[in-house]
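What the coordinates show
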Amino acid sequence: MSAISSIAGFWMEGALRTLDAFTTGFGQASNDPPTATPYCVIYEGGKVRLRHYEAAGAAHHTPVLLIYSLIKRPFILDLMQGRSVVENLTRQGFDVYMIDWIPPVAADKNRGFHEYVDEDIANSVRAVQLHRGVEKVSIIGYCFGGLLALLYTALHPQNVKNLVTLTLPLDMSTRDLPIDFMSRMLSETGARMLVDTYGNVPPWMIFSFFNTLAPTHHLIDKFVGAHRSTERRGYLDMFKLFEKWLHSDVAFAGKIFLETNNDLGIHNALMKGTMKVGGVAVDLKKVVAAVMNVIGDKDDIVNPKSSEALPDLIGSEDKENFHYPTGHMGAAVSSDALKNLWPAIGGWLTQRDA
Amino acid sequence: MSTRPQIKDASTTQPATMPAAMRSIVDIAEALMIDLPIAVTKRVLARTDERELNEAGWKAYDTIVKVANDATSRVYTNSIFGRVAGGAMEFAVRAQRLNTALSSAIFANLWPALGLPTAADVASMREEVSAMRAGLADARAAIALAAIEPVQSRIPRDNPRFDVETAMLSVAGGSQRPLYTGLAMPKGRELAEMKGNVSN
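Anyway, here's the lowdown on the structure attached to this text. Everything numeric here is computed off the predicted structure, so don't read it as measured data.

Turning our attention to the sheet that holds strand β3 (residues 64–67) of chain A. All names here are of chain A. Across the sheet, which stays open at both edges, the 8 strands sit in the order β1-β2-β6-β3-β7-β8-β11-β12 with mixed pairing between neighbours. Edge positions in the sheet fall to β1 (40–45) and β12 (319–324), since each of these pairs with one other strand and no more. With direction set aside, neighbouring strand axes in the sheet form an average angle of 20 degrees. Across 6 bridges, the pairing between strand β2 (residues 48–53) and strand β6 (residues 96–101) is antiparallel. Paired with Tyr53 across the two strands is Val96, which belongs to β6. Lying on the sheet, helix α4 (residues 144–155) is in contact with β3, β7 (137–142) and β8 (160–166); it crosses β7 at an angle near 145 degrees.

In structure tokens, the structure reads:
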């Protein structure tokens, strides 16, 4: 088969996938691929479905709660056997709990940080404490999930033993990458109008935003890449699953979008110490858990410089920035990260398990 | 063995002060006007294998993609573009709102006259049902959390799989909808044996 017909085939498949998502919807849980690691749902409430993945062999004392971003489905963390963060952690002896966020509906447009952090995450942590019979948990937060995890840890420090944040968007004053400019192009009034019009930020809008950031890649280069890597074992399966995940955008609740765009994005409230959640001021100095802040040096979605300030802002004595040469999603799916980064995270947690 | 003349790395042949846009043009020209023609000529005249031609082709492609990516980044990091794009987005949202308002004004009187509910009626009904669902879900969540604790205290810690199943049933709160969606749940005889072990 010639290169052109092969690339055209991949492109057509991708175009149909996108068309299908625009007509039938993006990140519906029913469209998730089969789970790679078996789990049970132990708690459901608010916008949370809490999954439990059992440790392989004897479990460490402190369980791990995984918090993923709100705007895409979390199956990227359990993509396929051998390419799964969850599997990696359970094999290292961790009892893993993961929040599967239930997508917001129209009636959820008034959900903000307070509802997600003080209610949903708080209830999930409580469920883990009860289920596992422990006083404290370790939390791993990825991207926006890292931000939620950080806020929870600042507001409820007594429940968190260790906190690992990956690709954490923190300092919004950075101005290096295209996304730094693109994500701040909407004024406060514009954001308010968007929410007044749509209620929640629609998934198609989120999908379009991220595709616009790298048009060459999404229009042609990723399909060319698929063609050029056809002979790599397992690559095409991985490519298809990753594509599925790229189309798994979920609506972003109106209020939390406004808080993110206006308070965090425009006013940089978390860095300036003026952020409030549910009327309570967020004091990052109250974070006393051991903190590992993983920064992807090649991240083009969350500016690495945006994460770097964390250790200076929190009250923990045991804290570190951990730089790793990976991109935003490479930290979750690249074989290199699963071979080196996640064992390093596991090792760090194990040292602080007792 | 390849006899293709080696083209020096662009960074060594171009002055360090060359503007980025100029460097992009030079890179593309180098790939399309030197590498590729040489490879094509050799393929035709010297009857070499296709590998070299493929390599030159992919090099040209990679250069073009890199230049396109750089150009996109330059556009996006331009503050004027940001202002224009932000303004365009706000304009689109305004237009959408105007469209919705006009449609509502036109059809608001027509629909009730035909005995049909308006979109606003349907939306508010939906919101009411959703709010009731949310209230119900919150109540169930509270019951579920309260239920885990006493169950947990009766179950020995050395049998986590049983804990999972028990907690899961607690969460379901006796409803018809099982919350289990995983693959590793003990079933049938295995589950009975586990329960037997616990009661013993």
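This part takes up the pairing of β7 of chain A. Consecutive residues of a regular strand have side chains that alternate between opposite faces of the sheet. Residues and elements named next belong to chain A. β7 sits mainly inside the fold: 6 of its 6 residues count as buried. Of the two faces of β7, the one lined by Val137, Ile139 and Gly141 and the one lined by Ser138, Ile140 and Tyr142 are each fully buried. In terms of strand pairing, β3 meets β7 through 4 bridges, oriented parallel. Its bridge partner being in β7, Leu66 is matched across the sheet by Ile140. Looking at chain direction, β7 and β8 are connected through 6 bridges and run parallel. Note on β8: the bridge partner recorded for Ile140 is Val164. Assessed by its sense of winding, the connection that carries the chain from β7 through α4 to β8 is right-handed.

Rules used in this analysis
- Residues numbered from 1 in each chain as written.
- Chains lettered and ligands numbered in written order.
- Predicted model: local features only at pLDDT ≥ 70, side-chain atom pairs only at ≥ 80, totals over all residues.
- Pairing = 2+ DSSP bridges.
- Helix = DSSP H or I, 4+ residues; strand = E, 2+ residues; numbered from the N terminus.
- Axes fitted to C-alpha atoms, helices over the stretch in contact; angles between N-to-C directions.
- Contact = placed C-beta atoms within 7 Å.
- Buried ≥ 20, exposed ≤ 12 C-beta atoms within 10 Å, placed from the backbone.
- Right-handed = clockwise from strand over helix to strand, strands pointing away.

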